[in-house]
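Residues per chain, in single letters:
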Amino acid sequence: MFSPRFYALDALRGLAIALMILVNTPGSWQHVYTPLLHAPWDGFTFADIVFPTFLFVVGAAMFYSLKTAVLSRQSLWRVSSRALKLIGIGVLLNYVPFTVDLTELRLPGVLQRIGLAYWLAALLILTVKRSYLPFVAVALVLLYWLALVLGGGEQPYSLDHNLVRHFDLAIFGAAHLYQGFGVAFDPEGLLSTLPCVVAVLIGFGTAAFLQGKQQHQALRLLLLAGVALVVLALLWQVLWSINKALWSGSYLALSSGLILLLLAALVWCIDIKGWTGLAEPLKVYGTNPLFIYILSWLWAVLIGQLIFIPTDAGSVSLYQWGFEQLALVFPAKLASFVFALLHVVGFWYLSLLLYKRNIFIKL
């Protein structure tokens, strides 16, 4: 668990899972407020900060689980087995409800990326001197940038010609990649996982920095670092556009800066002002984050593809039926938002039940 000195880290973890469910479970993808949709290519929306926040809190948790760990057969097995579980569950979720032809099964995905980024970051933490990790992080981003520039031809950041896509096509084949961009391109591809490793390391470094710091000192330095990263992103985008799909360096800097500013706001509200009414619900949500995320995915598949409700116009999925009932009361976009918000509340209540019974499901 996190240091009791900074409850803001617990709250941030809970906020990350709440936002993931909010963004991933709209009543209808045809009726979503623009900030809750990912930028189609270049650009940045509110939704684009959610996944980096999850990676950040994964890294923060790693500080406490690996604080005294050294490279050994036991530690290597521990981090490797956890990564393999995440990757395996991620692939299985892509296969649920087991109607997809295996020749067209998408292999990358969110949990796969979390597992791989966790594993690579853990290896670095176990093998590299802690004071060298910031330099390794910078080197990873710059090497990734260089690879895209050298491997993408005249349009290295375009959808069709980027190296991330060509690398995944060579490894997985077009049929096993995400098709939502109109061509085979996976936003959770292998090569673009490198900057995600850096996002995990930033979370790890932030938790290490907060350890033993005075609250007001931590607040000032979090604000300074957050503003510096946002400014860096705004300058960097002139050369390398902010792009979540490619996890560009400017996107990494912007999302990391905003996360640090958000964490600073939570430190001020919770650790300095003592607003525990804000902290406790979020802390509860963060106690079983991966389990709740997996369960929310399975629930969406269950009510979206397996359970149907008969209506006068024919049978519709329980998912669609629920949205349509809300749409009778609210405008379509608001109904879609309320549908997602009800899921956030429902899974929070489930988290509360598990928390009260001291049930913490680890992978």
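Anything mentioned here points back to the structure above.
Below is a summary of the structure that appears in this document. For clarity, every value in this text was computed on a predicted model and none was experimentally measured. (Residues numbered from 1 in each chain as written. Predicted model: local features only at pLDDT ≥ 70, side-chain atom pairs only at ≥ 80, totals over all residues. Heavy atoms only, no water.)

**Focus on helix α8 (residues 215-236)**
Note the following rule: Think of it this way: any DSSP run of H or I at least four residues long counts as a helix, any run of E at least two long counts as a strand, and we number them from the N terminus. Expected helix span is given by 1.5 Å per residue-to-residue step, counting one fewer step than there are residues. For every residue, the accessible area (1.4 Å probe, protein chains only) is compared with the maximum for its type, and the residue is labelled buried under 20%, exposed over 50%, or partly exposed between those bounds. Directions from the helix axis toward the C-beta atoms define the arc. Contact criterion: two residues are considered in contact whenever any of their non-hydrogen atoms come within 4.5 Å of each other.
The terminal C-alpha atoms of α8, which comprises 22 residues, lie 31 Å apart, in line with the 32 Å expected from a rise of 1.5 Å per residue. If you check which residues of α8 are buried, you get A218, L219, L222, G226, V230, A233 and W236. One face of α8 carries all of its buried residues, which in axial projection span an arc of 135°. Facing away from the buried side of α8 by over 90 degrees, the exposed positions are R220, L224 and L235. Tucked inside the fold, the buried residues of α8 contact α5 (133-151), α7 (194-210) and α9 (249-272).

**Quick word on unusual backbone geometry**
Cis geometry is found at the peptide bond from V96 to P97, where omega equals 10°. Of note, N358 is a non-glycine position whose phi angle comes to about 55°, a positive value. Topologically, N358 is positioned in the segment after α13 (332-356).

**Describing the packing of aromatic side chains**
To keep it simple, the criterion reads: Stacked, tilted and edge-to-face pairs are distinguished by plane angle, under 30 degrees for stacked and over 60 for edge-to-face with tilted covering the rest, among Phe, Tyr and Trp rings (Trp via its six-membered ring) whose centres lie within 6.5 Å. We call a charge positioned above a ring when the Lys NZ or Arg CZ atom is no farther than 6 Å from the ring centre and deviates by at most 35 degrees from the ring normal.
A full pass over the atoms with the stated rule returns 20 aromatic pairs. Ring centres of Y33 and F337 lie 6.2 Å apart, and the angle between their planes is 65°; this geometry places the pair in the edge-to-face category. In this pair, Y33 is assigned in the loop between α1 (7-24) and α2 (50-65) and F337 in helix α13, connecting sequence segments 304 residues apart. The partly exposed category is assigned to F337, whose relative accessible area is 26%. The ring of Y118 is capped by R82, whose NZ or CZ atom sits 5.3 Å from the centre of that ring.

**Describing the environment of A300**
Assignment of secondary structure puts A300 in helix α11 (residues 289-306). Judged by relative accessible area, A300 falls into the partly exposed class, the value being 24%. Residues contacting A300, with those up to four places away along its chain left out, are Q305 and Y319.

**Regarding the layout of surface pockets**
Quick reminder of the rule: Using only the protein atoms, space was sampled on a 1 Å grid; points where a 1.4 Å probe fits but cannot get out form cavities, open sets with protein on both sides within 12 Å along at least five of seven lines form pockets, and lining residues are those with an atom within 4 Å of a point. Grid points are joined across faces, edges and corners, and a volume is the space filled by probe spheres set on the points. Classification used: nonpolar for Ala, Val, Leu, Ile, Met, Phe, Trp, Tyr, Cys and Pro, charged for Asp, Glu, Lys and Arg, polar for all others including Gly.
Volume-wise, the largest pocket comes out at about 1,500 Å³. As for the largest pocket, its lining consists of 45 residues, of which N24, W29, R106, Y178 and W297 are closest to the centre. Elements with a contribution of two residues or more to the lining of the largest pocket: α1, α2, α3 (73-95), α4 (110-127) and α11. With 7 residues, α11 is the single largest residue contributor to the lining of the largest pocket. Within the lining of the largest pocket, the residues separate by chemical class into 27 nonpolar, 14 polar and 4 charged. Here the second largest pocket is characterised by a volume of approximately 670 Å³. The wall of the second largest pocket is formed by 26 residues, among which P134, A137, L201, I202 and L229 lie closest to the centre. Take the lining of the second largest pocket: its biggest share by element is 8 residues, from α7.

**Observations regarding the nonpolar core**
Generally speaking, nonpolar side chains in soluble globular proteins are found buried as a group. Short version of the rule: Nonpolar core, defined: a set of buried Ala, Val, Leu, Ile, Met, Phe, Trp, Tyr and Cys residues in which side-chain atoms within 4.5 Å join the residues together.
Counting 98 residues, the largest nonpolar core has F54, L55, M62, I114 and L263 as the members making the most contacts within it. If near-sequence neighbours (up to four positions away) are discounted, M62 is found in contact with K67, Y118, A121, A122, I125, V200 and F204. In terms of nonpolar packing, the next biggest core, distinct from the first, is built from 7 residues, I303, Y319, F323 and F339 among them.

**Observations concerning α4**
Helix length check: α4, at 18 residues, gives a terminal C-alpha distance of 26 Å against a target of 26 Å (1.5 Å per residue), a fit within 8%. Burial runs high along α4: 13 of the 18 residues are buried.

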